[in-house]
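Below are the chains, spelled out letter by letter.
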Amino acid sequence: MLKATLRSFLAHKGRLVLSALAVLLSVAFVAGSLVFSDTLTRTFDRLFASTAADVTVRPQEGLAESVPSGRTATVPAALADRLAEVDGVAAARVDAEVENITVVDDGNESVSPTTGAPTIGTNWNPTDRSPVELTSGHAPRGPEQALLDSETADRADVRIGDTLTVIAPPGSFDVEIVGIATFTTTNPGAALLFLDTPTAQAKLLGDPRAATGISVEAAAGTSDDLLKRRVAEVLGADSYQYRTAAEQARSDVEQLGGFLDVIKYVMLGFAGIAVLVGVFLIANTFSMLIAQRTRELGLLRALGADRRQVRRSVLTEAVLLGVVASTLGLAAGIGLAAGLIGLMNAIGMNIDSGEMTLGWATPVAAYVVGVGVTFLAAGLPARRAAAVSPMAALADAEIAGVGRPLRTRALVGAVAGVLGVAALVGCAVATRTSSAAALLGLGVVLTLLATVIAGPLLVRPVIRALGAAFPVVFGAVGRMSRRNALRNPRRTGATASALMVGIALVGGMSVASASMTASFDQQIDKVMGADFVVQNGGFMPFPREVGERVRETEGAGLVVRSRFVPVAVRLPDGDRVEATATGYDPHLDDVANISYARGDTEAALAPGHLAMDADFAREHGVRAGSTVPVEFQGGRTADLTVGALTHQESAEGFGMEGGLFLGLGTLERYAPGGQDSSLYVNAAPGTSADALRASLERTLDPYPQVQVRDLADYKELVHDQIAVLLYLVYALLGLAIVIAVLGVVNTLALSVVERTREIGLLRAIGLARRQLRRMIRLESVVIAVFGAVLGLVLGLVWGVCVQQVLALEGLTAFAIPWGTVVAVVVGSAVVGVVAAMLPAWRASRMQVLAAIAHE
């Protein structure tokens with residue numbers, strides 16, 4: 001049986017190529033994501049471990065910032081002198097570093113990275129652990145000199161002697177580049193500007209007595225752990241945060257971990273889609289191969305092979321396919337990781353490809369995925385193969401399931417469908433976001449499962465409707481193509497399911513994104529009352545001098561500042577909720593339209609007061625006039641009075657838990673040192689909007705990180721942010737379509753082989769080659785459109801339910817992107833035409849007599 005299995009595998013290897021390709025793609029994404037993330041993790045582990053001080057002293061970790069506040073936490077620089085006297089300390093250095101600066105050249109062009117990596121301003125204090133070394137020029141001396149890293153200098157064409165403007169939190173200042181520093185380790189993509197220590201303290205931190213931390217070097221013979229304990233005893237265990245080099249390296253890697261996880265999970269998402277769609281392709285391929293080998297399997301049974309041996313033979317073929325495809329996929333994954341590393345190098349993050357890491361988990365995961373998928377997908381066909389009777393060797397029979405009742409499928413599909421619909425209905429009527437999201441996930445899985453299982457039941461009614469015009473338009477060829485698609489509902493349903501999965505995904509996400517876009521447009525129209533918003537990309541804060549310059553702009557009238565701050569609120573029900581609050585200047589009503597359930601803007605922004613979303617307040621037992629303890633960054637606390645309750649969906653800060661906002665005076669009292677995130681500007685009387693915009697753009701020309709936006713621009717910004725998610729979904733759809741095309745090609749190719757004799761007879765009675773090709777193309781098109789229709793219906797239902805979940809968060813608008821729907825249907829027809837090209841060409845090249853004589 002083993003010899004027969006191997007010979008069978010080798011005899012049919014050409015028909016298994018496309019199935020192997022689907023496995024290869026899924027394994028490549030799994031292996032590539034693991035190799036890439038492992039390489040980056042190892043690289044940065046080594047970087048942070050080699051550059052971290054033996055012990056670092058930092059401010060206590062404050063509240064997590066979901067939106068940047070622009071506030072820099074500091075410690076007294078005088079701690080360095082105290083620590084230098086501690087037993088076991090070889091040296092203690094002041095660190096003065098900020099990551100929210102912008103550096104521009106004399107043409108007001110930013111020299112900061114365009115990849116989203118930070119521009120870091122820090123003090124020049126080189127040690128043997130420094131990630132850079134001075135390679136030209138000299139160290140900065142005095143407040144007007146600086147060093148720049150070589151990669152930023154090359155990218156921005158900056159040379160020694162050039163003057164740059166540094167836009168830092170305390171204000172802007174000019175520096176002359178007097179030297180270039182070159183990375184001796186991996187450059188994580190950031191731009192580095194070095195100042196001498198007093199200048200960094202005064203101009204980056206705004207306080208010559210402050211530091212962002214103290215780096216302590218251990219004397220010979222003193223361990224990091226021992227030194228950490230001694231430092232903590234001197235300064236107080238709870239006063240600051242103390243980390244050894246190993247702990248600091250782990251912390252730095254964890255902070256970078258979010259970025260690495262995004263890349264890993266995106267690639268694993270592609271792998272998941274490839275696996276899901278590939279299952280249909282593999283199962284369909286083995287079903288068709290077994291159907292075509294009915295007589296062969298019957299002969300094996302007649303010669304003495306029992307059912308278990310036949311089933312084992314088919315599964316062995318699947319495992320062989322999985323092993324070969326997984327091996328190739330592993331190699332492709334390593335190549336994919338190398339390509340990603342090259343892409344990272346191209347955008348400024350220098351990763352040494354020679355350090356590519358292939359951990360033991362990568363090949364294990366590759367073979368588990370590849371072999372596991374093929375083994376599971378071949379399980380049902382293997383059962384069918386084992387059911388072949390020895391008498392089949394004497395008959396021209398097949399076990400493809402033609403004519404077999406679909407009662408079991410109907411029952412299982414109906415049960416899954418009813419449960420899935422019930423879950424989606426529960427999602428639509430749920431009042432809590434968490435429960436609605438859980439029901440949505442369950443409903444999506446069950447309805448997808450029901451559609452896949454019951455797909456063959458839908459083949460005949462749907463394809464008859466879709467292909468109703470074929471006989472009229474294409475005559476006998478159209479009639480035959482429709483009958484071929486109807487001939488085997490199981491096969492047609494499985495082939496269409498691969499395409500259905502991808503289209504259902506894009507359909508649901510398209511409805512969700514269109515609804516989000518429409519909801520944001522509604523809220524922007526409803527809330528925003530200012531002529532212009534001055535804002536940085538991604539709500540990043542900017543120096544206060546920008547606001548001062550805007551106030552002085554010709555034609556500018558009212559200017560209202562907005563600032564974010566992380567807070568923790570203790571609520572009457574005992575919950576402690578961490579959220580982001582927004583601080584505003586007075587006259588907020590002149591630039592925003594906020595709907596209040598209780599109170600008004602004056603009460604909300606009064607000293608010692610804050611506003612809260614009415615639904616959030618009701619859920620936690622808060623009323624207007626209640627006093628709630630609020631914790632700010634830096635450990636300061638205050639009991640604030642709830643002066644107003646708002647409707648979150650119409651509050652400017654909607655989308656942030658609690659909808660909290662307060663006056664800037666209150667914010668400055670308890671969380672000083674933050675930066676503005678937005679400026680809402682109205683034109684002065686007698687000044688047109690166009691004139692004010694031109695004046696603002698001239699004023700802000702020295703600040704390239706800040707843009708002037710009107711209502712339309714603001715909407716476009718939101719649309720672009722939503723589009724990023726949609727582009728990812730489209731990429732997933734593209735992968736699903738590629739594998740689905742492979743499935744259609746495979747089905748048609750095997751179908752052509754199966755119908756060789758039939759095709760020969762049709763050619764013998766007068767069917768032209770062109771007509772034959774048309775017949776196969778039409779069959780392919782109707783199968784593809786069938787999958788698209790099922791996917792769109794499923795996706796639209798999912799999209800409606802996703803919108804119901806979003807409505808619980810204030811996104812109440814509903815929109816269907818009809819352009820996308822039409823494009824998907826047309827695109828599926830094109831997919832059908834493309835998928836049929838090779839099988840149709842091969843069928844038309846058959847020799848008539850050889851085809852008629854084919855067994």
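Residues numbered from 1 in each chain as written. Predicted model: local features only at pLDDT ≥ 70, side-chain atom pairs only at ≥ 80, totals over all residues. Heavy atoms only, no water.

Focus: the overall build of the protein
The condition is simple: Runs of H or I in DSSP of at least four residues are treated as helices and runs of E of at least two as strands, each being numbered from the N terminus. Burial classes: relative accessible area under 20% of the type maximum marks a residue as buried, over 50% as exposed, and values in between as partly exposed (1.4 Å probe, protein chains only). Throughout, a residue-residue contact means that at least one pair of heavy atoms, one from each residue, lies within 4.5 Å. In this description, accessible areas are obtained by the Shrake-Rupley approach with a 1.4 Å probe, and a residue is regarded as covered only by the protein chains that are shown. Counted as positive: Lys and Arg. Counted as negative: Asp and Glu, with His and the chain ends omitted from the count. Charge placement uses NZ in Lys and CZ in Arg. For Asp and Glu, CG and CD serve respectively.
Counting its regular elements, the protein contains 26 helices and 24 strands. Counting across all 855 residues of the protein, residues that qualify as buried make up 52%. Of the contacts formed within the protein by residues at least 6 apart in sequence, a portion of 82% connects residues at least 24 apart. Of the roughly 36600 Å² of accessible surface on the protein, 58% is carried by carbon and sulfur atoms. Taken together, the 70 basic and 79 acidic charged side chains of the protein have centroids lying 22 Å from each other.

Some details on the side chain of asparagine 682
Counting through the fold element by element, asparagine 682 comes out in strand E23 (residues 678–683). Here asparagine 682 falls in the buried class, since its relative accessible area comes to 13%.

Overview of a nonpolar patch on the surface
The cut-off we apply is this: Here a patch means residues that are over 30% exposed by relative accessible area and free of salt bridges, tied together within 9 Å if like-charged and within 5 Å if nonpolar (Val, Leu, Ile, Met, Phe, Trp, Tyr). For this analysis, a salt bridge means a side-chain nitrogen from Lys or Arg found within 4 Å of a carboxyl oxygen belonging to Asp or Glu.
The grouping of Val822, Val826, Val830, Val834 and Met837 at the surface amounts to a nonpolar patch, some 450 Å² of accessible area in total. Structurally, the position occupied by valine 826 is in helix H25 (residues 818–844).

As for the pattern of salt bridges
This structure, assessed with the given rule, holds 21 salt bridges. Across the pair arginine 230 and aspartate 87 runs a salt bridge, and its minimum N-O distance is 3.5 Å. Of this pair, arginine 230 sits in helix H6 (residues 224–235) while aspartate 87 sits in the loop between helix H3 (79–84) and strand E3 (89–95); the two residues are 143 residues apart in sequence, bridging distant segments of the chain. Classification of arginine 230 as partly exposed rests on a relative accessible area of 22%. By relative accessible area, aspartate 87 is classed as exposed at 56%. Among the ionic contacts, a cluster of salt bridges with common partners joins Arg544, Arg563, Glu668 and Asp676.

What about empty space enclosed by the protein?
Condition: Within this scheme a cavity is a closed region of a 1 Å grid, computed over the protein atoms alone, that accommodates a 1.4 Å probe without allowing it to escape, whereas a pocket is open but has protein on both sides within 12 Å along at least five of seven lines; lining residues each have an atom within 4 Å of a point. Grid points are joined across faces, edges and corners, and a volume is the space filled by probe spheres set on the points.
Applying the stated rule across the entire model yields six cavities of 30 Å³ or more. Quantified by volume, the largest cavity comes out at close to 90 Å³. Contributing to the lining of the largest cavity are 12 residues, with Asn484, Arg491, Thr492, Ser751 and Glu779 lying nearest its centre. For the lining of the largest cavity, the secondary-structure elements that each account for two or more residues are helix H15 (476–487), helix H16 (489–527), helix H22 (711–754) and helix H24 (769–807).

Notes on the packing of H15 against H24
Keep this limit in mind: For helices, the fitted line uses only the C-alpha atoms of the stretch in contact; every axis is such a line through C-alpha atoms, and the angle between N-to-C directions lies from 0 to 180 degrees. An angle counts as roughly parallel when it lies under 35 degrees, as roughly antiparallel when it exceeds 145, as roughly perpendicular when it falls between 65 and 115, and as oblique in every other case. In this scheme, a crossing is called left-handed if the near helix is turned counterclockwise away from the far one by less than a right angle; it is called right-handed if the turn is clockwise. Charged means Asp, Glu, Lys or Arg here, nonpolar means Ala, Val, Leu, Ile, Met, Phe, Trp, Tyr, Cys or Pro, and polar covers whatever is left, Gly included.
Where H15 contacts H24, the two axes come as close as 8 Å, and the packing angle between them is 45 degrees. Here H24 runs oblique to H15, going by the angle between their axes. H24 is crossed by H15, and the crossing has right-handed handedness. Of the residues in H24, those touching H15 at Val477, Gly478, Met480, Ser481, Asn484 and Ala485 are Gln771, Arg774, Met775, Leu778, Glu779, Val782 and Ile783. For the contact of H15 with H24, the residue count by class is seven nonpolar, four polar and two charged.

Concerning helix H12 (residues 407–429)
As a reminder, the rule being used: A helix's residues, less one, multiplied by 1.5 Å, set its expected span.
Its 23 residues place the ends of H12 33 Å apart at the C-alpha level, agreeing with the 33 Å of an ideal helix rising 1.5 Å per residue. Of the residues making up H12, those classed as buried are Gly413, Ala416, Gly417, Gly420, Ala423, Leu424, Gly426 and Cys427. Looking at the buried side of H12, the elements it contacts are helix H13 (433–466) and H24.

Remarks on the sheet that holds strand E13 (residues 213–218)
To keep it simple, the criterion reads: Here, strands pair whenever DSSP counts at least two bridges between them.
With respect to topology, four strands assemble into an open sheet ordered E3-E13-E1-E14, the strand pairing being antiparallel. With partners counted over all chains shown, the strands left at the sheet margins are E3 and strand E14 (241–244), one partner each. Going across the sheet, the axis of each strand differs from the next one's by a mean of 20 degrees, ignoring polarity. Examined bridge by bridge, strand E1 (residues 55–58) and E13 share three bridges and lie antiparallel to one another.

Examining H16
Put simply, the rule reads: Bend angle per residue: angle between axes fitted to the 7 residues ending at that residue and the 7 residues starting there.
Between its first and last C-alpha, H16 extends 54 Å over 39 residues, near the 57 Å set by a 1.5 Å rise per residue. Along H16, the helix axis deviates most sharply at serine 497, where the bend reaches about 30 degrees. Within H16, 31 of the 39 residues are buried, leaving the element largely enclosed by the surrounding structure.

Here's the deal with the nonpolar core
Under the convention used in this document: For this analysis, a nonpolar core means a set of buried residues of the types Ala, Val, Leu, Ile, Met, Phe, Trp, Tyr and Cys, connected via side-chain atoms within 4.5 Å.
Formed by 118 residues in total, the largest nonpolar core has its most connected members in Phe286, Leu588, Phe661, Ile739 and Ile776. For this core, the element with the highest residue contribution is H24, accounting for 17 residues. The residues touching leucine 588, leaving out its near neighbours within four places in the chain, are Ile594, Thr601, Leu605 and Phe661. Counting residues in each nonpolar core, the second largest holds 26 residues, with Ala581, Ala638, Leu662 and Tyr670 among its members.

Digging into a negative patch on the surface
On the surface, Asp106, Glu144, Asp162, Asp174 and Glu176 cluster together into a negatively charged patch. Tracing the backbone shows aspartate 106 in the loop between strand E5 (102–104) and strand E6 (119–123).

A few points about the side chain of serine 626
Stated formally: Under this definition, polar contacts are N or O atom pairs within 3.5 Å; protein pairs additionally need one hydrogen-donor-capable and one acceptor-capable atom, and for neighbouring residues in sequence, both atoms have to be side-chain atoms.
Relative to the elements of secondary structure, serine 626 occurs in the loop between helix H19 (614–619) and strand E20 (627–632). A distance of 2.8 Å separates a polar side-chain atom of serine 626 from the backbone oxygen of arginine 623. Once residues lying within four places of it in the same chain are set aside, the contact partners of serine 626 are Leu640, Thr641 and Val642.

Describing the environment of glycine 608
Tracing the sequence through the fold places glycine 608 in the loop between helix H18 (601–604) and strand E19 (609–613). For glycine 608, a relative accessible area of 22% translates into the label partly exposed. Residues glycine 608 and leucine 640 lie 32 residues apart in sequence; the distance between their C-alpha atoms is 5.2 Å. Filtering out sequence-adjacent residues up to four positions away, glycine 608 remains in contact with Asp639, Leu640, Thr641 and Thr666.

A look at unusual backbone geometry
In this structure, asparagine 108 is a non-glycine residue whose phi angle is positive, near 60 degrees. Tracing the sequence through the fold places asparagine 108 in the loop between E5 and E6. In this structure asparagine 108 comes out as partly exposed when scored by relative accessible area, which is 23%. Of note in this structure, histidine 587 is not a glycine but carries a positive phi near 65 degrees.

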